[in-house]
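Topology and contacts: notes
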Amino acid sequence: MTPAGLLTAIDMQHVFADPASPWAVPRFAGAAAGVRRLLRSFGDRVVFTRFVAPREPTGAWRAYYERWPFARQPPNAPLWRLVDEFAPLARDVLDAPTFGKWTARLAARTAHEGRLVLAGVSTDRCVLSTALAAADAGTEVLVVADACAGVDDASHAEALHVMDLYGPLVRVTTIAELLRTG
């Protein structure tokens, strides 16, 4: 069965995949495997997102980048690239200097598709922020738990629990369930 909605693969980037990165997500490979499985079912109904540093941080983001100065690099820097397996497949890429990727552009794409299906990293930051903003906007959100990964297993589980509290606006599902029920 072909699932309904727009698949949004959140931040499948080198900065989160590289074990030497300060922002490495330990189970990135598992999330990538889940995204790979989902891509076949969504065809051209896919958006990849990239977290990128702002040109000049403002507000609380200044303190954030003081803590993480390595990340103050332009959007074309290698750390911000999508990982090699997804880069050639990413026909639609949305960049944002925020954890949440619920932008006007993503909202417009999602409105056309009917619902937002989220996968990627990290569950406890960018996926969570995107899911809650989209739900607040009245969008049906599905979070594919086994196609996501957090900064650690406990944070992943806690974020999934929090998002599940927002039902029926946000529903946590699995790859098998999504592909079986559409």
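To be clear, the structure that these remarks concern was listed above.
Conventions we followed
- Residues numbered from 1 in each chain as written.
- Predicted model: local features only at pLDDT ≥ 70, side-chain atom pairs only at ≥ 80, totals over all residues.
- Heavy atoms only, no water.
- Helix = DSSP H or I, 4+ residues; strand = E, 2+ residues; numbered from the N terminus.
- Buried < 20%, exposed > 50% of the residue type's maximum accessible area, 1.4 Å probe, protein only.
- Contact = heavy atoms within 4.5 Å.
- Salt bridge = Lys/Arg side-chain N within 4 Å of Asp/Glu carboxyl O.
- 1 Å grid on protein atoms, 1.4 Å probe; cavity = no way out; pocket = protein on both sides within 12 Å on 5 of 7 lines; lining within 4 Å.
- Points joined across faces, edges and corners; volume = space filled by probe spheres on them.
- Nonpolar A, V, L, I, M, F, W, Y, C, P; charged D, E, K, R; others polar.
- Core = buried A, V, L, I, M, F, W, Y, C linked by side-chain atoms within 4.5 Å.

Along its length, the chain carries 7 helices and 6 strands. Listing the helices and strands of the chain from first to last along the sequence gives β-α-α-β-α-β-α-β-α-β-α-β-α. Dimensions of the chain, computed from C-alpha atoms along their principal axes, come out at roughly 45 × 30 × 30 Å. Taking all 182 residues of the chain together, the buried fraction comes to 48%. Residue pairs at least 24 apart in sequence account for 78% of intrachain contacts in the chain once pairs closer than 6 positions are excluded.

A few words on the pattern of salt bridges. Using the criterion set out here, one finds 8 salt bridges in the structure. We note a salt bridge from Asp11 to Lys101, for which the minimum N-O separation is 2.9 Å. Linking Asp11 in the loop between β1 (6-10) and α1 (14-17) with Lys101 in the loop between β3 (93-96) and α4 (104-113), this pair joins segments that are 90 residues apart in sequence. Accessibility expressed as a relative area gives 0% for Lys101, which makes it buried. When the shortest N-O distance is used, the salt bridge between Arg115 and Glu140 registers 3.5 Å. Residue Arg115 is found in strand β4 (residues 115-121), and its partner Glu140 is found in strand β5 (residues 140-149); the two are separated by 25 residues along the sequence.

Another point: the layout of surface pockets. Rolling a probe over the atoms, with the probe sized like a water molecule, indicates the empty space that remains. Of the pockets and cavities examined, the largest pocket occupies roughly 300 Å³. Trp23, Tyr64, Trp68, Arg125 and Val151 are, among the 14 residues lining the largest pocket, the residues nearest its centre. Residue composition of the lining of the largest pocket, by class: 11 nonpolar, 1 polar and 2 charged.

This part is about the nonpolar core. Core analysis: the biggest nonpolar cluster contains 37 residues, and Leu7, Phe16, Phe28, Leu38, Phe48, Trp80 and Phe86 have the highest contact counts within it. For this core, the secondary structure elements donating two or more residues are β1, α1, α2 (28-42), β2 (46-51), β4, β5 and α7 (175-181). Element by element, the count of residues in this core is highest for α2, at 7 residues. Beyond its immediate sequence surroundings of up to four residues, Phe86 is in contact with Met12, Ala32, Val35, Arg36, Leu39 and Phe48. Counting residues in hydrophobic clusters, the runner-up holds 23 residues, among them Val47, Ala131, Ala134 and Ala135.

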